[in-house]
Amino acid sequence: MPAPLGHDRTGVSLDDETRLLIYNPVIVVVSQAVFFAVVFLLWLFFRPVVPSDTMGWWVGLVFVLLAGVVTFDLAFIVRRAESRRLMRFWSLIEKRQTVAFDLVTISVIWLFLPYGDEWHRLVVGCLCIGHVPLQMISDPENVSGNRFSMVAVLGSFAAYLAGNAYQTGNTALAVLVALIVLYGALLYYASGVFRIVVVNALRDRRAAEAAKAMLEAALGEVSAERDARTRFIAAAAHDLGQPMQAARLFAEQAQATDDPDRRTQTLAKAVSTIGSA
């Protein structure tokens, strides 16, 4: 994604620049709309099986968390962080925003799944499996936050399934738990690698921009020197051309006169004019 126009990246670290690149206002609005849609679908899907008081507590929790997230996103869009000091402030809030999304997902696991069946577990499993990598892609520089999400979200889902497998003796659930743990371990490692790839790409981009700026400056200096040389040659040619023109006129006058003395004087003037050039 191209960097937002108008940003002054002076003093902005590579991690902060990554956040600026990712934090495009359009992407923010779309991602929030998608998350609200997911929450609404979960409410519709679990409402028939979850007790009304439990659902009420969950809706209140989600409302508070998402209200804080939306407030932060709107403030970020309006203010647009452009310095290291401001980015540090926003990054602290943003990391807590990822925790808010994690809490919403974890609350679905522990509050809703005890009342659901296999289809409800499948839906929540898809939510958990998709939640972590999407968060890692949307916030690649926040390695600690992404790894917390892996442990908290995937760990909660795996712990719930493990408890269910232990109570029912379902070996298929035990195998699924093992696969989730392996999947989480893979993402845990990939999050660090992904951040390195993104930061290296930004470092290469900065180096390319610096080299381009140096090349443009060098070309500007060469162009300025060439223009100065051209002006000097033109001025010198003009300065040399005037005495030569005068000497030519004197020579023509000397050639046209029949008086030897006058011809001698005119030729002397021509020689003097050439000598002063």
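Residues numbered from 1 in each chain as written. Predicted model: local features only at pLDDT ≥ 70, side-chain atom pairs only at ≥ 80, totals over all residues. Heavy atoms only, no water.

S.K.: Is there a simple way to explain the overall build of the protein in this structure?
M.R.: A count of helical and extended segments in the protein gives eight helices and zero strands. Shown N-terminal to C-terminal, the secondary structure of the protein runs as helices and strands in the order α-α-α-α-α-α-α-α. Per-residue burial for the protein yields a buried fraction of 34% across its 277 residues. Expressed as a percentage of contacts within the protein between residues at least 6 apart in sequence, the contacts between residues at least 24 apart total 71%. In the structure as shown, the protein presents an accessible area of about 16,600 Å², 68% of it carried by carbon and sulfur atoms. (Helix = DSSP H or I, 4+ residues; strand = E, 2+ residues; numbered from the N terminus. Buried < 20%, exposed > 50% of the residue type's maximum accessible area, 1.4 Å probe, protein only. Contact = heavy atoms within 4.5 Å. Areas by Shrake-Rupley, 256 points an atom, 1.4 Å probe, with all protein chains shown as cover.)

S.K.: What's the story with a nonpolar patch on the surface in this structure? I'm lost.
M.R.: Together, Phe45, Trp119, Leu122 and Val123 make up a nonpolar patch on the protein surface, roughly 400 Å² of accessible area in all. With three residues, the single largest contributor to the nonpolar patch is helix α5 (residues 118-138). With respect to the secondary-structure elements, Trp119 resides in helix α5. You can call Trp119 exposed: its relative accessible area is 61%. (Patch = residues over 30% accessible without salt bridge, like charges linked within 9 Å, V, L, I, M, F, W, Y side chains within 5 Å. Salt bridge = Lys/Arg side-chain N within 4 Å of Asp/Glu carboxyl O.)

S.K.: Looking at this structure, I do not really get helix α6 (residues 143-168). What am I missing?
M.R.: At 3.6 residues per turn, the α-helix brings residues three or four places apart onto the same side. Its 26 residues give α6 an end-to-end C-alpha distance of 36 Å, which sits within 8% of 38 Å, the value for a rise of 1.5 Å per residue. Most pronounced at Gly155, the bend in α6 amounts to some 25 degrees. Once α6 finishes, Gly169 follows within two positions and takes phi at roughly 70 degrees, a positive value. (Expected span 1.5 Å × (residues − 1). Bend = angle between axes of the 7 residues up to and from the residue.)

S.K.: Sorry if this is basic, but what is going on with the layout of surface pockets here?
M.R.: Over the atoms rolls a probe the size of a water molecule, and in doing so it shows where empty space is left. Space inside the second largest pocket adds up to approximately 150 Å³. When contributions to the lining of the second largest pocket are tallied by element, the ones reaching two or more residues are α2 (25-46) and α3 (52-79). The biggest single contributor to the lining of the second largest pocket is α3, with five residues. Among the residues forming the lining of the second largest pocket, the class breakdown is nine nonpolar, no polar and no charged. (1 Å grid on protein atoms, 1.4 Å probe; cavity = no way out; pocket = protein on both sides within 12 Å on 5 of 7 lines; lining within 4 Å. Points joined across faces, edges and corners; volume = space filled by probe spheres on them. Nonpolar A, V, L, I, M, F, W, Y, C, P; charged D, E, K, R; others polar.)

S.K.: Hey, could you run me through the packing of aromatic side chains in this one?
M.R.: Two aromatic rings are characterised by how far apart their centres lie and by the angle between their planes. Applying the stated criterion across every chain, the model contains five aromatic pairs. Cluster of aromatic residues (ring-pair linked, three or more members): Phe45, Phe46, Trp58 and Phe112. The side chain of Arg47 reaches across the aromatic face of Trp43, ending 4.5 Å from its centre. (Phe/Tyr/Trp six-rings, centres within 6.5 Å; stacked < 30°, edge-to-face > 60°. Lys NZ or Arg CZ within 6 Å of the ring centre and 35° of its normal.)

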